[in-house]
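Chain by chain, the residues run as shown.
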Amino acid sequence: MNRIKDNFNRIWQDFYLVIIMVFLYAPIATMMVLSFNSSKSRTQWGGFTLQWYTQMFASRNIMDALYNTLMIAFLSALIATVIGTAASIAINSMKAVPRTILMGITNIPMLNADIVTGISLMLAFIAFGISLGFQTVLIAHITFNIPYVILSVMPKLKQTSRYTYEAAMDLGASPIYAFFHVVFPDILPGVLSGFLLAFTMSLDDFIITHFTRGAGINTLSTLIYSEVRRGIKPSMYALSTVIFVVVLLLLLISNFAPRRKQADQT
Amino acid sequence: MGQSLIDLQNIYKSFDGTMVLDDLSLSVKENTFVTLLGPSGCGKTTTLRIIGGFETQDSGNVIFDGTEISKLPPNKRQLNTVFQKYALFTHMNIAENIAFGLKIKGKSKPYIQDKIKYALKLVNLDGFENRSVDSLSGGQQQRIAIARAIVNEPRVLLLDEPLGALDLKLRQDMQYELIRLKNELGITFIYVTHDQEEALTMSDTIVVMNQGYIQQMGSPEQIYNEPENAFVADFIGESNIVPGIMLHDELVEIFGAKFACVDKGFGINRPVDVVIRPEDIDLVEPSRGTLVGTCTHLIFKGVHYEMEITTPDGFEWLVHSTDMCPVGQEVGIHVDPFDIQIMNKPASEDEEAVGVNE
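From a predicted model like this one, the values you see are computed outputs, not experimental measurements. Here the residue index of a chain counts from 1 through its sequence in written order. Chain letters start at A and ligand numbers start at 1, both assigned in the order the entries are written. Local features in this predicted model are restricted to residues whose pLDDT is 70 or higher, and side-chain atom pairs enter the listing and the counts only when it is 80 or higher, whereas totals over whole chains, interfaces and linings include all residues. The basis for every side-chain value is the complete set of non-hydrogen atoms in the structure, without hydrogens or water.

Student: Give me the lowdown on the sheet that holds strand S13 (residues 257-260) of chain B, citing residues and values where you can.
Tutor: Residue and element names in this part refer to chain B. Strand order in the open sheet formed by five strands is S13-S12-S11-S14-S20, with antiparallel pairing between adjacent strands. Of all strands in the sheet, those with a lone pairing partner are S13 and strand S20 (341-344), marking the two edges. Adjacent strand axes in the sheet meet at a mean angle of 45°, parallel and antiparallel pairs treated alike. Two strands are counted as paired when DSSP detects at least two bridges linking them. The way it works is that DSSP assigns letters per residue, a run of H or I at least four long becomes a helix, a run of E at least two long becomes a strand, and they are numbered from the N terminus. Where strand S14 (residues 270-276) meets S20, four bridges bridge the pair, whose relative direction is antiparallel. Directly across from Asp273, in S20, lies its bridge partner Met343. The convention used is that axes are lines fitted to C-alpha atoms, helices contributing only their stretch in contact, and that angles between N-to-C directions extend from 0 to 180 degrees.

Student: So what's going on with unusual backbone geometry? Which residues, and what values?
Tutor: All names here are of chain B. In this structure, Asp23 is a non-glycine residue whose phi angle is positive, near 55°. Tracing the backbone through its elements, the reader meets Asp23 in strand S2 (residues 18-29). Buried residues are those whose accessible area, probed at 1.4 Å on protein chains only, stays under 20% of the maximum for their type, while exposed residues exceed 50% and partly exposed ones sit between those limits. Judged by relative accessible area, which is 36%, Asp23 ranks as partly exposed. With a phi angle near 50°, Gln211 is a residue other than glycine that sits in the positive phi range. Here Gln211 shows up in the loop between strand S9 (205-210) and strand S10 (213-218).

Student: Can you explain the interface of chain B and chain A? Please cite residues and give values.
Tutor: The figure often quoted for interface size is the accessible area lost as the parts come together. Two residues qualify as a contact provided that any one of their heavy atoms is within 4.5 Å of a heavy atom in the partner residue. With 24 residues of chain B in contact, the opposing surface of chain A contributes 20 residues. As used here, buried area is the combined drop in accessible area, with a 1.4 Å probe, of two parts when they are placed together. Ranking the residues of chain B by area buried against chain A places B:Asn75, B:His91 and B:Phe100 at the top, with a combined share of 27%. Salt bridges are defined as contacts in which a side-chain nitrogen from Lys or Arg sits within 4 Å of a carboxyl oxygen from Asp or Glu. Taken together, the connections running from chain B to chain A amount to two salt bridges. When the shortest N-O distance is used, the salt bridge between A:Glu166 and B:Arg49 registers 2.7 Å. A 3.5 Å cut-off defines polar contacts: any pair of N or O atoms within that distance qualifies, except that in protein one atom must be a possible hydrogen donor and the other a possible acceptor, and neighbouring residues in sequence count only when both atoms are side-chain atoms. Linking chain B to chain A there are six residue pairs in polar contact (both at pLDDT 80 or more). Counting only elements with at least two residues in the side of chain B that touches chain A, the list comes to strand S6 (79-82), helix H2 (94-104) and helix H4 (138-150) of chain B. Of the residues belonging to the side of chain B that touches chain A, the class tally is 11 nonpolar, eight polar and five charged. In this classification, Asp, Glu, Lys and Arg are treated as charged, Ala, Val, Leu, Ile, Met, Phe, Trp, Tyr, Cys and Pro as nonpolar, and every other residue, Gly included, as polar.

Student: Give me the lowdown on the confidence of the model for chain B, citing residues and values where you can.
Tutor: Residue and element names in this part refer to chain B. Looking at chain B as a whole, the pLDDT averages 88, with 96% of positions reaching at least 70. Confidence, read as mean pLDDT per element, is least for helix H9 (residues 349-354) in chain B (49) and greatest for strand S3 (residues 33-37) (94). As a per-residue measure, pLDDT tells how confident the predictor is, with possible values from 0 to 100. Segment residues 353-358: pLDDT under 50, and 15 contacts once partners within four positions in sequence are set aside and those in other chains are kept. The ipTM for the predicted assembly is 0.77, set against a pTM of 0.75.

Student: Tell me about the layout of surface pockets, and please be specific about residues and values.
Tutor: Residues and elements named next belong to chain A. Size it by volume and the largest pocket reaches roughly 740 Å³. Space inside and on the surface of the protein is sampled on a 1 Å grid over the protein atoms alone, with a cavity defined as a set of points where a 1.4 Å probe fits but cannot get out and a pocket as an open set with protein on both sides within 12 Å along at least 5 of 7 lines; lining residues have an atom within 4 Å of a point. Lining the largest pocket are 19 residues, with Ile89, Asn92, Ser93, Arg162 and Tyr165 positioned closest to its centre. Among the elements of the structure, helix H3 (60-92), helix H6 (134-159), helix H7 (162-170) and helix H8 (175-204) are those that each provide at least two residues to the lining of the largest pocket. Its residues placed into classes, the lining of the largest pocket shows seven nonpolar, five polar and seven charged. Grid points are joined across faces, edges and corners, and a volume is the space filled by probe spheres set on the points.

Student: Give a description of the pairing of S14(B) that names residues and reports values.
Tutor: Residues and elements named next belong to chain B. With five of seven residues buried, S14 is to be regarded as a mostly interior element. Strand direction decides the pairing type here: strand S11 (residues 240-248) and S14, joined by seven bridges, are antiparallel. Bridge pairing links Ile241 to Val275 in S14.

Student: Can you explain the sheet that holds strand S17 (residues 305-310) of chain B? Please cite residues and give values.
Tutor: Residues and elements named next belong to chain B. Strand order in the open sheet formed by five strands is S15-S19-S16-S17-S18, and the pairing between neighbours is antiparallel. Each edge of the open sheet is held by one strand with a lone partner, namely strand S15 (281-284) and strand S18 (316-321). Neighbour to neighbour, the strand axes of the sheet diverge by 45° on average, direction disregarded. Where strand S16 (residues 291-300) lies against strand S19 (residues 330-335), four bridges are found, and the strand directions are antiparallel. When the bridges of S19 are listed, Val292 appears paired with Gly332.

Student: Explain the packing of H2(B) against helix H3 (residues 109-122) of chain B residue by residue, including any values.
Tutor: All names here are of chain B. In the contact formed by H2 and H3, the axes pass within 10 Å of each other and the chain directions differ by 125°. In terms of orientation, H2 and H3 fall into the oblique class. Considering the relative orientation of H2 and H3, their crossing is right-handed. Here H2 contributes Ile94, Ala95, Ile98, Ala99, Leu102 and Lys103 to the contact with H3, which in turn contributes Tyr111, Ile112, Lys115, Ile116, Ala119 and Leu120. Of the residues that constitute the contact of H2 with H3, the class distribution is 10 nonpolar, no polar and two charged. Note that the term roughly parallel is reserved for angles under 35 degrees, roughly antiparallel for angles over 145, roughly perpendicular for angles of 65 to 115, and oblique for everything else. Helix crossings are classified by the rotation of the near helix relative to the far one: an anticlockwise turn of less than a right angle makes the crossing left-handed, while a clockwise turn makes it right-handed.

Student: For the packing of aromatic side chains, give the residues involved together with the corresponding values.
Tutor: Only centres within 6.5 Å qualify two rings of Phe, Tyr or Trp (six-membered ring in Trp) as a pair; their planes then separate them into stacked at under 30 degrees, edge-to-face at over 60, and tilted for everything else. All told, the structure shown has 20 aromatic pairs over all chains when counted by the stated rule. Look at A:Phe36 and A:Phe48: their rings are 5.2 Å apart centre to centre, the planes differ by 15°, and that puts the pair in the stacked class. Taken together, the positions of A:Phe36 in the loop between helix H1 (2-35) and helix H2 (51-58) and A:Phe48 in the loop between H1 and H2 put the pair 12 residues apart, joining distant regions of the chain. Judged by relative accessible area, which is 24%, A:Phe36 ranks as partly exposed. Here B:Phe231 and B:Phe235 contribute two aromatic rings whose centre-to-centre distance is 5.6 Å and whose plane-to-plane angle is 10°, an arrangement assigned as stacked. On the criterion of helical spacing, the pair formed by B:Phe231 and B:Phe235 is a turn pair, its members being four residues apart in helix H8 (residues 230-235). Each member of the pair, B:Phe231 as well as B:Phe235, carries the same accessibility label: buried. By way of ring pairs, the aromatic residues A:Phe36, A:Phe48 and A:Tyr53 are connected into one cluster. In this scheme, Lys NZ or Arg CZ marks a charge over a ring once it lies within 6 Å of the ring centre and within 35 degrees of the ring normal. Positioned over the ring face of B:Phe89 is B:Arg148, at 4.6 Å from the centre of the ring. When the ring centre of B:Tyr224 is taken as reference, the NZ or CZ atom of B:Arg277 above it lies at 4.1 Å.

Student: With reference to specific residues and values, describe the nonpolar core.
Tutor: Residue and element names in this part refer to chain B. Take the buried residues of types Ala, Val, Leu, Ile, Met, Phe, Trp, Tyr and Cys, join any two whose side-chain atoms come within 4.5 Å, and each joined set is a nonpolar core. Membership of the largest hydrophobic core comes to 37 residues, with the highest contact counts inside it found for Ile98, Leu120, Ile144, Leu157, Leu178 and Phe189. If you list the elements that add at least two residues to this core, you get H2, H3, H4, strand S7 (156-160), helix H5 (168-185) and strand S8 (188-193). For this core, the leading source of residues is H4, giving six residues. Among all residues touching Leu120, those that are not within four sequence positions of it are Ile94, Ile98, Leu125, Asp126, Phe128, Glu129 and Ile144. Core analysis: the second largest hydrophobic core is formed by 26 residues, Leu5, Leu8, Ile50 and Val207 among them.

Student: Can you explain the environment of A:Thr222? Please cite residues and give values.
Tutor: All names here are of chain A. Position of Thr222 among the secondary structure elements: in helix H10 (residues 220-229). Linking Thr222 and Asn92, residues 130 residues apart in sequence, is a C-alpha distance of 37 Å. Here Thr222 is in contact with Phe206, Thr209, His210 and Arg213, once residues within four sequence places are set aside. A distance of 2.9 Å separates a polar side-chain atom of Thr222 from the backbone nitrogen of Thr219.

Encoded structure:
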């Protein structure tokens, strides 16, 4: 009796898992399949083709947008990582009350609705006479990336004892030498995952980019959005597939990189 | 010998309005083992951190070998610290940890290699060069921390409760290691601890601190046998502190009984505090005792019995003795004159903190 019940439970658990996976990934799988479909129809399979991918890579618009997207993601992640790491160190050395207040303040932009952040940034740029374009998108992305960096560096900083920094000073290191040779290696996994998180967030963003980009500059997400209004071309499926795979790879790297490092040490 | 290496002069330090060090002055001679001993919050670690350069005093001078060094950052001071939590660099192996200070000083590779070998030998961890920090036990990590400090040939080694996290057996072994190291290296040790046994075992000089003041300074024997006030007597080992009246030189009255002692100069009929160590009380026949009491408590401790003898006035005398007195039995108390230590009574709570001789 019990065996049958156990078996039933196990089957039910597996079924449940499959259902969830289907809900999560069926749409993406559909899109991926359609990106290789030689027929333009969304319901009929016309044979395997890579023409949508070649079309995508041949398109000036798409390649410009890809360049912008990667440039903005890389630069904003890099600058946000530098600012965010410096900020984390400052916040970490504060007394309890100001630290709590400042952490609260840095968390607000993350909880804030993107559309509010987007509109307010756009208004601020216009009010201060900054013309919208590549630089405003970059500034906007740096802004919303900083909290993510702080959030991933902070726990690492808390783990490292302040005594290692003092020990380095005690052994003759200048504050800068002590930071780069002793503190930084300890928080490096946090800094790296902060960078990758920021990169992904920037890659992912549509709403804030949409409001701060102005005319004439597109990222992949805004390009897809404007193309979609004119009717969806299958090359958009190909593009979306590429974006999904890139983001997935980055997330995998950022999840496994720190763990691999720890495994190396033991 | 007589030259002092470190002089702290009238150091004041407060954190957020709380006075931590109040007019502290201390001088440390070259090649001695000095221990700052006191309960947590007494200012001993702050004193060490001021010497190391990690805190700056509000006022007062820190003189190192004749030079005022208050303005020097830690990396410019000729002393090294062994931290309470070891503070090893976990992303480096043992050799890299030990080489850290030498690399900054720009020493040559062969010199550094030699030094690493020598330091590891000194702390009995030969061949540990390529081990990772995580693979070491607490005691081994602590020894590496010491090795890392001493390869820089500091004139003073500061140790902030370095044995606090180790278990009892290891702690005792490390105490002997530290004494050996100090003798082999011939450098000055300034050691912070709250463990009175550690302090008594290792030190040339013990500085007993409480509430930011130095209570007493002296050799372990002086501190143990001749505590200057009730705080020191109570903090160092166990003791019976009883009110007495100094009738005249070399005679003190305790609970109506007259005890011969060796102290002089307290005046006539002066109220005093009397310190008698539990192991200095002899249990004798009731007829021969200076005081007579009843045993109310008895525990076997291995080396000796721990007993409480209650005298008619209600005072419970703590007694350590290899002689056993069963609970409920009457027994006489006898103390030899040189085992009685007389202290002035503090006039007020404040003075108790300051210490009698200030």
